[in-house]
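What the coordinates show
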Amino acid sequence: MEGGGDALRRHGVGRHGDDGGRPAPGDPFGLAEEAVEAIGSTLDEETTCAELTGFLCRRVCDAAAVDLLPEDVPARHHPQEMTLDRIAAAGRPDLLAPRTPLSVQALSVQALDEGHPITARTDTAGADPRTAMSMPLLAHGRLYGALLAVRSGRPGFSAAETAAVHYAARLAAVHLSHARQHTAAHSTALNLQRALLAEPSRPHPNLDIATRYLPAGGGSLVGGDWFETVRLSYGRTLLVIGDVMGHGLDAAVDMNAYRSMLRYVASADLPPHRVLRRLDAAVSEDGTRRPATCLLVRVDPARGSVAMVSAGHLPPVLFSADGSGELLRLPVGPPLGTGVGGYELTTRTITADQTLVMFTDGLVERREEDIDVSLARLAGLRLPPAAAVQHVLDEVLTRLDATRAEDDVAALAARLHPRPRQDR
């Protein structure tokens, strides 16, 4: 940890522990090891702050609090007046109220010397002497807030304890830095995903379309799930759904590249299996993109038919007017980007009262469950009869608890929408 070991060595304290294996009160190295295990278990700011205050109250002080700046700022070049918000507190509340004032200006003075970013104040008035220590939460030249540690009825903090608190504060600050970097990357990827996966702008008027994208919950980064519609000649529409392997901003960027390349290839109005063949060749020649699965369905409303082809992707489900579902089995070729090719086209008829649902694996996959069982669950749903396309898709997502899926979910539903014939 940057600065942590130096701070311990600077106080000239050797390593020693008690007989029970717990660090002795004067053993900063033992406390540092315990701090590493106790602080930073997640990428959540509030959790990190709570772990810091809890650790200090267990091992060093009687009360502790963390106040964070609304955003991290340069340690030496930040505004002189910014609000500190209390994020976590532990120990005796009476020792923290009223709060010890900690101004950004005071923290700036502490941060001038990164080797000693510590201030201490001792209050001996009355029968209950208190010692309060404040220090900035500083990491990589960025200031995140302040730590306050208070003890009562005991001697002030020793040099070893001060060094241990310093180390714990720097450790927490590094985890806060990681948490904010993670949040920023997640936000960027999610915004990119949402922007790219907006509602299709120009589906054919003879086709009703509904789409949904649900990012996985928790701390996972968004993935490369995507969908697309490409309007073709003669009233046909190409429906696309795919999943770039991996998660995060890189997967979202690759997803955008796949989407752009597919639009370009599909503009030549080739059969779906040849579209996948060209896309696979282009991606494999590029060599910089992650592999991806993809399902193409070309809908021809005039003929009441669909032509389907899969590159390692799960098959679609067709729901009839009575709410029953049917899994459309089709040959599965290799994922895009392998350069192997070998995609086979499957065709079948479709009627205006049937709804085609395409999806990524996050919708159906369950841990330690065979994928055939997962797909059978989807196909076995009994949906409300004669439901609109939007309602069909919403019902599928609700029945499969998609909002709590462990992976991102992208889904697309389509139904023929014949226009009334005009008498001449």
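An account of the accompanying structure is given in this report. Keep in mind that what you see is a predicted model, and the values were worked out from it rather than measured.

**Some points on the overall build of the protein**
- In terms of helices and strands, the protein carries nine helices and 16 strands.
- Within the span of the protein, comprising 424 residues, buried residues form 51% of the whole.
- For the protein, the proportion of contacts with a sequence separation of at least 24, taken over those separated by at least 6, is 67%.
- Total accessible area on the protein is roughly 19,500 Å²; 50% of this is exposed by carbon and sulfur atoms.

**Quick notes on the packing of aromatic side chains**
- Taken as a whole, this structure holds zero aromatic pairs when the rule is applied.
- When the ring centre of F157 is taken as origin, the NZ or CZ atom of R151, which lies over that ring, is 4.7 Å away.

**What about the nonpolar core?**
- By size, the foremost hydrophobic cluster in this structure holds 31 residues, and its most contacted members are I39, L52, L56, L137 and L147.
- Where this core is concerned, the elements lending two or more residues are α2 (28-38), α3 (45-59), β1 (63-74), β2 (85-91), β4 (130-139), β5 (142-152) and α5 (159-196).
- Per element, the largest residue contribution to this core is eight residues, and it comes from α5.
- When neighbours within four sequence positions are excluded, L137 is seen to be in contact with L52, V66, L68, R142, L143, Y144, G145, A146, L147, A169, A173 and L176.
- In this structure, L314, F319, F359 and A402 belong to the second largest nonpolar core, which totals 26 residues.

How each quantity is defined
- The residue count restarts for each chain, going from 1 along the sequence in the order it is written.
- Confidence filtering applies because this is a predicted model: local features only for residues at pLDDT of at least 70, side-chain atom pairs given and counted only at 80 or more, and all residues used for totals across whole chains, interfaces and linings.
- Only hydrogens and water are removed before side-chain values are computed, so all heavy atoms of the structure are retained for them.
- A run of H or I in DSSP becomes a helix once it reaches four residues, and a run of E becomes a strand once it reaches two; helices and strands are each numbered from the N terminus.
- For the exposure calls, accessible area comes from a 1.4 Å probe over protein chains only, and a residue counts as buried if that area is under 20% of its type's maximum, exposed if over 50%, partly exposed in between.
- Residues are treated as being in contact if the distance between any of their heavy atoms lies within 4.5 Å.
- Shrake-Rupley sampling with a 1.4 Å probe provides the accessible areas, and residues are treated as covered by the protein chains on show and by no other component.
- Paired rings are identified among Phe, Tyr and Trp, the last through its six-membered ring, by centres lying within 6.5 Å, and are further divided according to the angle between planes into stacked (under 30 degrees), edge-to-face (over 60) and tilted (the rest).
- Charge-over-ring contacts are defined here by two conditions on Lys NZ or Arg CZ: a distance within 6 Å of the ring centre and an angle within 35 degrees of the ring normal.
- Only buried Ala, Val, Leu, Ile, Met, Phe, Trp, Tyr and Cys residues count toward a nonpolar core, and they belong to the same one when joined by side-chain atoms within 4.5 Å.

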